[in-house]
Every structure is written in C-alpha cells, then in structure tokens.
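# Structure assessment
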Amino acid sequence: SNSLWVGGVPYDVTEDDLRNPFQKFGTIENIRLLPAKKCAFITFSATAEATSALKEMQGFDIRGERIRLNYGHA
C-alpha cells in the first residue's frame, strides 16, 4: 500500500505538521486529517516511499505525541 495510517496524532495537528517530517521519503499525494479519531492518512506516490516512512517514523514525536504507523487504506 502507498497509504499510511497515522495514529495518536494530537487534535490540533496540521497538514504541515505531517507533511514536513514525511516529505523526505517521497512525493506526498494526499494528507487526510481525522482529528475526532486522532488519526490521519498520508498517501505517497509509491509503495516503497510509504514503506520507508513506516520503518523510520514509527514513534516519531509530533507536538508531544508519539505517533503510531501502519499501512492504511485511505
């Protein structure tokens, strides 16, 4: 999957909060924020980009919250 589910994001997370640390892995086609569920979806242009991000960004700190990552189906 070229889409990642991002869990544990703060309610006030912004698209830029996610785009900035994740864009180094490749082209981000879409970011969908679901603040009520404290999660988001990040869609990359290629599966390999999503896989690299998943491996390297697990537990990354965003605004004091440690995020959880998994493959998503956005």
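Refer to the structure above for everything that follows.
Rules used throughout
- Residues numbered from 1 in each chain as written.
- Predicted model: local features only at pLDDT ≥ 70, side-chain atom pairs only at ≥ 80, totals over all residues.
- Heavy atoms only, no water.
- Helix = DSSP H or I, 4+ residues; strand = E, 2+ residues; numbered from the N terminus.
- Contact = heavy atoms within 4.5 Å.
- Core = buried A, V, L, I, M, F, W, Y, C linked by side-chain atoms within 4.5 Å.
- Buried < 20%, exposed > 50% of the residue type's maximum accessible area, 1.4 Å probe, protein only.
- Lys, Arg positive; Asp, Glu negative; His and termini not counted.
- Salt bridge = Lys/Arg side-chain N within 4 Å of Asp/Glu carboxyl O.

### Looking at unusual backbone geometry
- Phi at lysine 38 is positive, roughly 55 degrees, even though this residue is not glycine.
- Assignment of secondary structure puts lysine 38 in the loop between β2 (28-34) and β3 (39-44).
- Of note in the backbone geometry, arginine 63 takes a positive phi value of approximately 50 degrees without being a glycine.

### Regarding the environment of asparagine 30
- Counting through the fold element by element, asparagine 30 comes out in strand β2.
- Separated by 10 residues in the primary sequence, asparagine 30 and alanine 40 have C-alpha atoms spaced 10 Å apart.
- Residues within four places of asparagine 30 in sequence aside, it is in contact with Phe41, Ile42 and Thr43.

### Thoughts on the nonpolar core
- Judged by nonpolar contacts, the single largest core of 19 residues is most densely connected at Val6, Leu18, Phe22, Ile42 and Phe44.
- For this core, the elements supplying multiple residues, two or more each, are β1 (3-7), α1 (15-22), β2, β3 and α2 (47-57).
- Of the residues forming this core, the biggest block, four residues, is contributed by α2.
- Beyond its immediate stretch of four places on either side in the chain, isoleucine 42 contacts Asn2, Ser3, Leu4, Val6, Leu18, Phe22, Ile28, Asn30 and Ile31.

### Considering the side chain of glutamate 49
- Assignment of secondary structure puts glutamate 49 in helix α2.
- Summary of buried charges: glutamate 49 has no salt-bridge partner, and the nearest side chain of opposite charge, arginine 19, is 11 Å away.
- Apart from the residues within four sequence positions on either side, glutamate 49 is in contact with Phe25, Gly26, Thr27 and Phe44.

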